[in-house]
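Report on the structure
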Amino acid sequence: MTDIEHFMAIRQRAECLFTFEETEQAIARVAAQMTHQLAASNPLLMTVMTGAVVFVGRLVGHLDFPLEISYLHATRYRNTTTGNSLQWKVPPQQDVKDRTVVVIDDILDEGHTLAEVERHLHELGATAVYTAVLVDKRHERKAYPGQRCHFTGLEVPDRYVFGSGMDYRGYWRNTGGIHAVHPDDL
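Per chain, the residues get numbers from 1 upward, laid out in the order the sequence is written. Local features in a predicted model are, by the rule used here, given only for residues with pLDDT of at least 70; side-chain atom pairs are given and counted only at 80 or more, and totals for whole chains, interfaces and linings are based on all residues. For side-chain calculations, the full set of non-hydrogen atoms in the structure is used, while hydrogens and water are omitted.

Glancing now at the pattern of salt bridges. Whenever Lys or Arg places a side-chain nitrogen within 4 Å of a carboxyl oxygen from Asp or Glu, that contact is recorded as a salt bridge. Summed over all chains, the structure comprises 14 salt bridges. Across the pair Asp185 and Arg13 runs a salt bridge whose closest N-O atoms are separated by 2.7 Å. Of this pair, Asp185 sits in the segment after β9 (178-180) while Arg13 sits in helix α1 (residues 3-13), placing them 172 residues apart in sequence. Using a 1.4 Å probe on the protein chains alone, a residue whose accessible area is under 20% of its type maximum counts as buried, one over 50% counts as exposed, and one in between counts as partly exposed. Given the relative accessible area of 9%, Asp185 is considered buried. Here a strand is any run of E in DSSP of at least two residues, a helix any run of H or I of at least four, and the numbering for each starts at the N terminus.

Here it is, written out as structure tokens:
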């Protein structure tokens, strides 16, 4: 079986948890919440690469207020299905001192990446740091008890998911909805 055939089979066996339309509705809800809370704060949206690029691209079209967009690249997965220690590929490049920063990521799974990024931005002098994710995975293994994001689009069960920016071994970020990998494919 070729790589293409393998990844096509992964997609075919996966369970669709949310369609493209359902994810779009969730993104619009997140945007409305962000607009209500942040429109007057001149926020800097800090996109966590690579997973959040699809989410932020779909989100910003709904935000009708002045903002800036930047990025950072921190990862624990490195194209695998299990997390490791945090690796900074590109730390924040834009000055965040005295700014309201919104860290945008694809998923709140165990939350170690977001917790570390949030801590680092506070150390760099951000006035306020908010977090926004498309997906929050329901389980009790968060980085700290009760960890939640300020803005969350959807909740998913404790399964490995891909689509709408989230990947399966580096692939399928381009799938419009959100899909759960079949247990036999982990």
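Picking up where we left off.
This part is about the packing of helix α2 (residues 20-38) against helix α3 (residues 52-59). Closest axis-to-axis distance for the α2/α3 pair is 9 Å, and the angle between their directions is 70°. Taken together, the axes of α2 and α3 lie roughly perpendicular to each other. Note that α2 runs across α3; the crossing there is right-handed. Of the residues in α3, those touching α2 at Phe20, Thr23, Glu24, Ile27, Val30, Ala31 and Met34 are Phe55, Arg58 and Leu59. With axes taken as lines fitted to C-alpha atoms, and helix axes fitted only over the stretch in contact, angles between N-to-C directions fall between 0 and 180 degrees. Each angle gets one of four labels, with under 35 degrees taken as roughly parallel, over 145 as roughly antiparallel, 65 to 115 as roughly perpendicular, and the rest as oblique. Throughout, a crossing is termed right-handed when the near helix is turned clockwise from the far one, and left-handed when it is turned anticlockwise from it by less than a right angle. Contacts: residue pairs with any heavy atoms within 4.5 Å of one another.

The description of two aromatic rings rests on the distance between their centres and on the angle between their planes. Centre distance within 6.5 Å is the pairing criterion for rings of Phe, Tyr and Trp, where only the six-membered ring of Trp is used; planes under 30 degrees apart are then read as stacked, over 60 as edge-to-face, and the remainder as tilted. Taken as a whole and judged by the stated rule, the model has four aromatic pairs. Ring geometry for Phe7 against Tyr168: centres 6.1 Å apart, planes inclined by 70°, an arrangement best described as edge-to-face. Residue Phe7 is found in helix α1, and its partner Tyr168 is found in the loop between β8 (161-162) and β9; the two are separated by 161 residues along the sequence. The burial state of Phe7 is the same as that of Tyr168; both residues are buried.

Attention now goes to the pairing of strand β2 (residues 44-49). Most of β2 sits inside the fold, with five of its six residues counted as buried. Following the backbone out of β2, through α3 and into the adjacent parallel strand β3 (residues 68-75), one traces a crossover that is right-handed. As judged from the four bridges shared by β2 and strand β5 (residues 100-108), these two strands associate in the parallel manner. For Met46, the partnering residue across the bridge sits in β5 and is Val103. Whether a crossover is right-handed depends on one test, that the path from the first strand over the helix to the second runs clockwise when the strands point away from the viewer. Two strands are said to pair when DSSP picks up at least two bridges between them.

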